[in-house]
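Each chain, letter by letter, is given below.
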Amino acid sequence: MLRNRFAISPYVLLSLTALFWSGNWVIGRAFVSDGEIPPVALAWWRWAIALIAMLPFALPQILRHRATLWQQRKIVLALGLIGTGFHNLLSYVGLQYTTATNGVMLNSAIPVLIILLGVLFFRQSVSSKQLLGIAVSLAGVLTILSKGHPEALGTLQFNRGDLIVLGSMMLWALYTLLLKWRPDGVPGIALLAVCASIGLIAMTPVYGWEIASGKAIQWSFGVVAALLYLGLFPSFVGYIFWNRGVEEVGANVAGLFVHLMPVFVSLLAWLFLGERMFWFHLVGIALIFAGIYLT
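None of the values given here were measured: they were computed from a predicted structure.

### Focus: the side chain of T17
Part 1 of the reasoning: With respect to the element layout, T17 can be found in helix 2 (residues 10-33).
Part 2 of the reasoning: What makes T17 buried here is its relative accessible area of 0%.
Part 3 of the reasoning: Polar side-chain contacts of T17 include one of 2.8 Å to the backbone oxygen of L13.
Part 4 of the reasoning: Excluding its chain neighbours within four sequence positions, the residues that come into contact with T17 are G238, F241 and W242.

### Comments concerning the side chain of S22
Part 1 of the reasoning: Mapped onto the elements of the fold, S22 is located in helix 2.
Part 2 of the reasoning: Relative accessible area serves as the criterion here: at 0%, S22 is assigned to the buried category.

### Concerning helix 3 (residues 39-64)
Part 1 of the reasoning: Between the first and last C-alpha of helix 3 there are 35 Å, a value that for 26 residues agrees with the 38 Å anticipated at 1.5 Å per step.
Part 2 of the reasoning: At L55, helix 3 is deflected by roughly 65 degrees, the largest bend along its length, and proline P56 occurs up to four residues later in sequence.

### Looking at the nonpolar core
Part 1 of the reasoning: Counting 87 residues, the largest nonpolar core has I37, W47, M54, L79, Y175 and W242 as its most contacted members.
Part 2 of the reasoning: At 13 residues, the largest contribution of residues to this core is made by helix 3.
Part 3 of the reasoning: Contact partners of W47, with chain neighbours within four places excluded, come to M54, T84, N88, L192, A196, L200, M203, S235 and Y239.

Definitions and limits used
- Residues numbered from 1 in each chain as written.
- Predicted model: local features only at pLDDT ≥ 70, side-chain atom pairs only at ≥ 80, totals over all residues.
- Heavy atoms only, no water.
- Helix = DSSP H or I, 4+ residues; strand = E, 2+ residues; numbered from the N terminus.
- Buried < 20%, exposed > 50% of the residue type's maximum accessible area, 1.4 Å probe, protein only.
- Polar contact = N/O pair within 3.5 Å; in protein donor to acceptor, adjacent residues only side chain to side chain.
- Contact = heavy atoms within 4.5 Å.
- Expected span 1.5 Å × (residues − 1).
- Bend = angle between axes of the 7 residues up to and from the residue.
- Core = buried A, V, L, I, M, F, W, Y, C linked by side-chain atoms within 4.5 Å.

Right under this line is the structure:
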């Protein structure tokens, strides 16, 4: 019943995912840049909490579908390493050296990266209407980021953090494309739990190195609350929603929904930080939704 309910509203699921991930960028930048949570620790604990939350629901499904998961272990291993492992790790490492604004801007390249990688390596086709929708939506993102002054985009400076984040975005585009070959019949929560386990195992040696280098979490109520949010919403719920949305509408259309993130970041800042909404926010939001509608 729950699966059928999700199937009729993939756009709602993808929009909620963008909302959860917007919070991830804001929290990640805040705690990593302040040194309260080292980047590898943030990625590791995010998925540890998510795995603990989903295991009671996922374990019976994993045991029931263990033969299928083993038979298709290569694609499951790839999804775990890329999607729940090093994609997140690279994002947080990059946020040490770049701003959240630059991170969101680079995140907006995901739809283009999905199409580019799909055409180059997976022989996927793209329609002219989809290209138009992506262009219109990207124009909305750039309108928000430039505050309505396109010439301001030329003043943005990119550093090694931006390159690391861009590498993370390429991994996410690849993960989204690989979902096409996800094991048939395996429930989303079971697949996510297995991928989370793979990602945690892969990150553990890197986490150990980070601890050995003297970097440790500065525990506080705010740190615990941030980790709980990241583990439950962007990770557990967000990935279930994203995987289901990709299954329903395809990678090209699903990828466009990351353009909603600058919209949500602006709204969250207005609601919780008291930052003002300006005309360019409204224009950008209108263009983003127009692009999604076209696609």
